[in-house]
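The residues making up each chain are set out below.
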Protein chains: 2
Amino acid sequence: MVTVQTEAIELLKEGHVTTPKGFTAGGIHCGIRKKRRDFGWIYSETPAVAAGVYTMNAFQAAPLKVTKRAIAESNQLQAIIVNAGVANACTGQQGDIDAEEMQQNAASILNIPASYVGVASTGVIGTPLPMDKINTAIQEISITNESAPHHFADAILTTDTVTKQVAVQIEIDGKTITIGGAAKGSGMIHPNMATMLGFITTDAAVEADSLQLALKQTTDKTFNMITVDGDCSTNDMVIVMANGMQENKVLNVSHPQWRLFVDALNMVSEELAKMIARDGEGATKLIEVNVKGAPSQETASQVAKAVISSNLVKTAIYGADPNWGRIVCAVGYSEQPIDPNKVCVAIGEISVVKDGVPVAFNELDGKHYLQQKDITIQVNLQDGPYNATAWGCDLTYDYVKINASYRT
Amino acid sequence: MVTVQTEAIELLKEGHVTTPKGFTAGGIHCGIRKKRRDFGWIYSETPAVAAGVYTMNAFQAAPLKVTKRAIAESNQLQAIIVNAGVANACTGQQGDIDAEEMQQNAASILNIPASYVGVASTGVIGTPLPMDKINTAIQEISITNESAPHHFADAILTTDTVTKQVAVQIEIDGKTITIGGAAKGSGMIHPNMATMLGFITTDAAVEADSLQLALKQTTDKTFNMITVDGDCSTNDMVIVMANGMQENKVLNVSHPQWRLFVDALNMVSEELAKMIARDGEGATKLIEVNVKGAPSQETASQVAKAVISSNLVKTAIYGADPNWGRIVCAVGYSEQPIDPNKVCVAIGEISVVKDGVPVAFNELDGKHYLQQKDITIQVNLQDGPYNATAWGCDLTYDYVKINASYRT
């Protein structure tokens, strides 16, 4: 990853959840998974203002309920603990009890209020948490300077093949503010909030309501705009912690540099979201669908999602087939008010549809373009000022292979 | 297919679009497709009352517009001509001209008004119709007694591996009424109206408005409740022709046996819809999802569709994995008002979830059940009186193989 200047936002060459001041993190193997690390934590030296967004799935897993309640209590978190391997979803009352026990035991060890502890789980649905292993793991939480963000990023994974970490820096009130993040997600990914977990940390001082608003807005444009397979999980959440250790003038929607902060948060989320899409189960390509010219934000988003979710578009891309017909078809069934006679489509830089009808193009050029690992599709509805971007991946044999045998 | 008595409806051992009195049909190879038949027709001795339902896709193909207009003119059709291989979609003005030319040339040959001729196309999007071949084919339409419904059923196929035909019989006013049907559809199948074509014929006398109503209601419960891959095409339609040759007291919503007629129409549609789902690209199994106990019809339908459309459920079934967690997850992301603590799920006869939590069951029994070719999943929301059924198929390697290389 190279250092990039986007306006005033610096994307760091190597960034983690502990790049912002005052955060430590770690991860260990506690035995839920066969060999991999499966228990992780993030800790802030001081209580941090916190916000969260959660799955729309009617079956919200127990850990989500505990975390939601914790944040609702004082809008603060000081620690998050995460286990992988077992989702603690569809586990009834026992699941609720276990999630609370996790929270309380971690609070004890860290000597902080239980409501300052957030809890997350990811993995197989319906199996109870192995609380003996979890409790042993909690005893091993270490908050000394030996911080190991890579271990945390690794401990939260399930079918992911790579860790997903990032950090950016901006200048607010003459202070260098850092926003870091780690995420997991590979299969069962779809807006709204597929099985993905996102943890964002910052040393900025931010007001609670504004932070929640920023997180929601950002999530709608990033994490909620990725799809791997159209399924949407029971466990998704994104949590942001702002511990204020840079002592900037507290950020809120009225702060003159609020826009910059939100853009930086957006960049962190977008980078993580793309990493998730790229790591989709079986994926060989990252696909980005850009829709512009929409009559409303809703239309722009829905059209982008329809195209990125289309199994026929995804398989065509896998086969490097510049099959614009399927793209057009997906635009059409988004059930949005579009004028078919205005729709334009481009595959990469290659124009393939103009005003609703195909234009001649070199099929071989199209094929070569689609053989790359990063694909963009442009859709212009020519009917308004709104735009949206969605990310996903191709649909491959490996997706079927992985999911015809993985027990989630 | 055995003869089955369902109440008063007899499912015929071998039924076609020409089983009802006064219909002939045929199909030939005109050169659009490499070897297969690719041009077909249905003809009624007398003009028939007609009704149609069409794709919701914003990009309605040219043939749909022509057929819609034709039916709107007098609610009658006397012939339908169909070509396979080229969809005549996204073909702009030329496509409209070509579809009208098809209609008019067929009307000429058959010596009937152009507005009595319906037109359908299916196949690759964006390529213009090869009008020379189409016009030659039209010259060869034969309406003599040498009727070949199998040839018609074959001529309308694209990626299908089998023809789809059916007929039922009922007694109305002491007359034997027959309803026959043929359909095509394999990939790009999804409610609302994936690339599928359905042609239903009957020798009953039916009023136009009532026929349209019956077709719409039936379609919503059958053709619109099947999915193969979540994509929804530009060309879908279902047309019904009722030529009145049995001279029953004309059927309408007030007729004492209206319910029986609608049930029979429903059985024809359901049989065809299931054949389509079973023949899904790459499919090895037919899956039926039954939802009951829903607080509204909309909820019942949406939950059924969410489960049947889930790539993760489809791959699990392919792998014979009784993965109830993915089923529950799909129920949850249907975005319907459901109470997670009431949801029950069964795989075949095996109860796997009760009141939102898993119940112990023999995994091996689950696996053996899922190794069959006909799978049912039962979801009980325990929250109302509404129910719905959706059909689909498993997601397999062959689906990816077919669609990473087929140009649609």
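Residues numbered from 1 in each chain as written. Chains lettered and ligands numbered in written order. Predicted model: local features only at pLDDT ≥ 70, side-chain atom pairs only at ≥ 80, totals over all residues. Heavy atoms only, no water.

Draft legend 1. View of the interface of chain A and chain B. Chain A puts 54 residues into the contact, and the matching count from chain B is 54 residues. When chain A packs against chain B, close to 4,500 Å² is buried across both sides, 60% of that on carbon and sulfur atoms. Summed over the shared surface of chain A and chain B, the number is 0 salt bridges. The tally of links from chain A across to chain B stands at 4 residue pairs in polar contact (both at pLDDT 80 or more). Those elements that provide at least two residues to the side of chain A that touches chain B are α8 (311–318), α9 (324–332), β15 (357–358) and α11 (397–403) of chain A. Tallying contributions element by element places α9(A) first for the side of chain A that touches chain B, with 7 residues. Looking at side-chain class alone, the side of chain A that touches chain B contains 27 nonpolar, 19 polar and 8 charged residues. (Contact = heavy atoms within 4.5 Å. Buried area = accessible area lost by both parts, 1.4 Å probe. Salt bridge = Lys/Arg side-chain N within 4 Å of Asp/Glu carboxyl O. Polar contact = N/O pair within 3.5 Å; in protein donor to acceptor, adjacent residues only side chain to side chain. Helix = DSSP H or I, 4+ residues; strand = E, 2+ residues; numbered from the N terminus. Nonpolar A, V, L, I, M, F, W, Y, C, P; charged D, E, K, R; others polar.)

Draft legend 2. Local environment of the side chain of B:Ser44. Residue and element names in this part refer to chain B. With respect to the secondary-structure elements, Ser 44 resides in strand β4 (residues 39–54). A polar side-chain atom of Ser 44 sits 2.5 Å from the main-chain carbonyl oxygen of Thr 46. Of note is the side chain of Ser 44, whose polar atom sits 3.3 Å from the side chain of Asn 243. Every residue in contact with Ser 44, bar those within four places of it in the chain, is listed here: Gly 22, Phe 23, Gln 78, Met 241 and Asn 243.

Draft legend 3. Broad picture of the sheet that holds strand β12 (residues 286–294) of chain A. Residues and elements named next belong to chain A. On the basis of which strands lie adjacent, the open sheet formed by 7 strands has the order β10-β17-β12-β16-β13-β14-β15 and mixed pairing. At either end of the open sheet lies a strand with only one pairing partner, and these are β10 (226–227) and β15. Where β12 meets strand β16 (residues 374–380), 7 bridges bridge the pair, whose relative direction is parallel. Across the sheet, residue Ile 287 finds its bridge partner in β16, namely Ile 375. (Pairing = 2+ DSSP bridges.)

Draft legend 4. Structural context of the packing of aromatic side chains. Residues and elements named next belong to chain B. The full count for this structure, using the stated rule, is 8 aromatic pairs over all chains. Relative to Phe 199, the ring of Phe 152 has its centre 5.4 Å away and its plane inclined at 75 degrees; by these criteria the two rings are edge-to-face. Pair noted here: Phe 152 is in helix α4 (residues 149–155) and Phe 199 is in strand β9 (residues 197–202), with a separation of 47 residues, a long-range link. Each of the two residues, Phe 152 as well as Phe 199, counts as buried. (Phe/Tyr/Trp six-rings, centres within 6.5 Å; stacked < 30°, edge-to-face > 60°. Buried < 20%, exposed > 50% of the residue type's maximum accessible area, 1.4 Å probe, protein only.)

Draft legend 5. Structural context of the relation of the copies chain A and chain B. Superposition of chain A onto chain B requires a rotation of 180 degrees combined with a translation of 0.0 Å along the rotation axis, giving an RMSD of 0.0 Å. The symmetry that links the two subunits is that of a two-fold axis. Taking C-alpha positions as reference, the residue of chain A nearest the rotation axis is A:Tyr397, located at 2.7 Å. In this assembly, 100% of the residues forming the interface of chain A have copies in chain B that are likewise at the interface, indicating an isologous arrangement. (Least-squares fit on C-alpha atoms with pLDDT ≥ 70 in both.)

Draft legend 6. The arrangement of the nonpolar core in detail. A:Phe261, A:Ile377, A:Leu381, B:Phe152 and B:Phe199 are the most contacted members of the largest nonpolar core, which has 108 residues in total. The biggest single contributor to this core is helix α6 (residues 258–278) of chain A, with 13 residues. Leave out the neighbours within four places in its chain, and A:Ile377 touches A:Ile287, A:Glu288, A:Val289, A:Asn290, A:Val313, A:Ile317, A:Ile327, A:Val345 and A:Ala346. Residues B:Val262, B:Ala304, B:Ile308 and B:Leu381 belong to the second largest nonpolar core, which totals 106 residues. (Core = buried A, V, L, I, M, F, W, Y, C linked by side-chain atoms within 4.5 Å.)

Draft legend 7. A look at the UniProt feature "active site" (unreviewed entry) in chain A. Those places that UniProt annotates as "active site" (unreviewed entry) correspond, in this numbering, to A:Thr195. As for its position among the elements, A:Thr195 is in the loop between β8 (175–184) and β9 (197–202). (UniProt positions renumbered as here; feature names shortened; annotations may be inferred.)

Draft legend 8. Fine view of the pattern of salt bridges. All names here are of chain B. Evaluated as defined, the whole model comprises 20 salt bridges over all chains. A salt bridge links Arg 69 to Glu 100, with the shortest nitrogen-to-oxygen separation between them at 3.1 Å. Taken together, the residues Arg 69 in helix α1 (residues 62–74) and Glu 100 in helix α2 (residues 92–110) connect sequence positions 31 residues apart. Taking the relative accessible area as the measure of exposure, Arg 69 reaches 47% and is therefore partly exposed. The salt bridge partner of Lys 216 is Asp 220, with a shortest N-O separation of 2.8 Å. Of this pair, Lys 216 and Asp 220 both sit in helix α5 (residues 208–221), separated by 4 residues, roughly a single helical turn. For Asp 220, a relative accessible area of 33% gives the class partly exposed.

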